[in-house]
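So you can see what is in the structure, the chains are spelled out below.
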Amino acid sequence: MPRLAANLAYLFADRPPLDRFAAAAAVGFRAVELQYPYDQDPAAMRAEIVRSDLIMLGVNTAPLPDAPSGIAGVPGREAEFAALFERALALAVALGGRAIHCLAGVVPEAQREAGEATFVTNLKHAADRAAPHGLTVLIEPLNTVDRPGYLLDRAEQAAAILARVERANVKMQFDLYHQQIMGGDLLRRFERHLPLIGHVQIAAVPSRAEPDEGEVNHAVVLAALDRLGYAGFVGCEYLPRGRTEDGLGWAAPWGIGVRVS
Ligand SMILES: O=C(O)C(=O)[C@H](O)CO
Ligand SMILES: [Mg+2]
């Protein structure tokens, strides 16, 4: 059965960040992921994670004012990336997390080859720094409608980059929302890349709302992930149409929902 995780940048976002952990646990989530919790006290977040008995999954490398989509694949910014990664590593370790998503960045068309080479070099470095802590480094293809010019936009491209990185602790974050926009054929592409996939995320397409509307049948997809042997978590990275709790009907078959006592 797919194990759903709450992305606390998107879900329960109507309350203060520290209150979101208990809110997720109260509806049955056993795991959470964050995006950029760099403005919060790590010890306070860790206390909430422990108090709610949650598994802490991933964080992202921090956005920069001139590079909100990251710099891991931006030529000439390797030293800055190394510093950014150290910050993410310290945070992930303090939270007891399992993964760090390294955002590749926006790169002009003419520099994409150089950008990929930089990405590979930076990922090797990140992997070697993360390995002693048992952490996975993730890369995620993002769709070019939402993120024009983003260096990494297709699962096939991510697979080619992972082959060049040659580190077992670097994996693909397969966000079905982005993958559907960038070509679809979700189940065949998921199966083809399964050995490389370290995390999955979902949202309705094209609305990015609860995965109970739009062009993807998530009940079918989640059952297929199970059948194909995916044993990781599925991050709920969607924008609730209203209160998070009111939109959880779709997740009831997977053990998530408001408890009525
Ligand atoms: O945008 C996404 O889908 C993500 O998962 C990342 O965290 C980048 O924002
Ligand atoms: Mg995502």
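Everything numeric in this text was worked out from a predicted model, so none of it was measured.

1. Overview of helix α5 (residues 155-165)
Among all positions in α5, only A155, Q157, A158, A159, I161, L162 and V165 are buried. At the exit of α5 stands E166, carrying a positive phi of roughly 55°.

2. Focus on the nonpolar core
Within the largest apolar cluster, 83 residues are counted, with the highest numbers of intra-cluster contacts made by L4, F29 and W250. For this core, the element with the highest residue contribution is helix α3 (residues 78-95), accounting for eight residues. With residues up to four places along the chain from it excluded, the contact list for W250 reads L4, I202, E210, P211, D212, L222, C236 and Y238.

3. Concerning the pairing of strand β7 (residues 170-175)
β7 sits mainly inside the fold: five of its six residues count as buried. With three bridges joining them, strand β6 (residues 136-139) and β7 adopt parallel strand pairing. Residue pairing for β7: L138 is matched across the bridge by K171. Regarding topology, α5 serves as the crossover connection from β6 to the parallel β7, and that connection is right-handed. Across four bridges, the pairing between β7 and strand β8 (residues 197-202) is parallel. Paired with Q173 across the bridge in β8 is H199.

4. Some remarks on the coordination of the magnesium ion (ligand 2)
In this structure, E140 (OE), D175 (OD), Q201 (OE1) and E237 (OE) serve as the protein donors to the magnesium ion (ligand 2), at separations of 2.0 to 2.2 Å. Geometry at the magnesium ion (ligand 2) is octahedral, judged from the six donor atoms that bind it and their angles of 76 to 174° at the metal. We note that the donor set of the magnesium ion (ligand 2) lies within a single chain, spaced as E-x34-D-x25-Q-x35-E. With E140 in the loop between β6 and α5 and D175 in strand β7, the pair connects residues that are 35 residues apart, well separated along the chain. An identical accessibility class is assigned to E140 and D175; each is buried.

5. Considering the side chain of E33
Mapping E33 onto the fold places it in strand β2 (residues 31-33). Side chain to side chain, E33 and N7 meet in a polar contact 2.9 Å long. A polar contact of 2.5 Å, which involves the side chain of E33, links it to the side chain of H199.

6. Side note on the packing of α3 against helix α4 (residues 112-130)
It is at 11 Å that the axes of α3 and α4 come closest, and there the two elements cross at 30°. α4 is crossed by α3, and the crossing has right-handed handedness. Touching E78, F81, A82, F85, E86 and L89 of α3 are T118, N122, H125, A126, R129 and A130, all from α4. Along the lines of polarity and charge, the residues of the contact of α3 with α4 split into six nonpolar, three polar and three charged.

7. A word on the sheet that holds β6
As summarised here, the arrangement of the nine strands in space is β3-β2-β1-β9-β8-β7-β6-β5-β4, forming an open sheet in which the pairing is parallel. Since the sheet does not close on itself, it has two edges, and those belong to β3 (55-56) and β4 (58-60), each with one partner. Taken strand by strand, α4 contacts β6 and β7, and its axis lies near 155° from that of β6.

What counts and what doesn't
Residues numbered from 1 in each chain as written. Chains lettered and ligands numbered in written order. Predicted model: local features only at pLDDT ≥ 70, side-chain atom pairs only at ≥ 80, totals over all residues. Heavy atoms only, no water. Buried < 20%, exposed > 50% of the residue type's maximum accessible area, 1.4 Å probe, protein only. Helix = DSSP H or I, 4+ residues; strand = E, 2+ residues; numbered from the N terminus. Core = buried A, V, L, I, M, F, W, Y, C linked by side-chain atoms within 4.5 Å. Contact = heavy atoms within 4.5 Å. Pairing = 2+ DSSP bridges. Right-handed = clockwise from strand over helix to strand, strands pointing away. Donors = N, O, S within 2.8 Å, 3.2 Å for Na, K, Ca; no water. Tetrahedral: all angles 85-135°; square planar, octahedral: opposite > 155°, others 65-115°. Polar contact = N/O pair within 3.5 Å; in protein donor to acceptor, adjacent residues only side chain to side chain. Axes fitted to C-alpha atoms, helices over the stretch in contact; angles between N-to-C directions. Left-handed = near helix turned anticlockwise from the far one by under 90°. Nonpolar A, V, L, I, M, F, W, Y, C, P; charged D, E, K, R; others polar.

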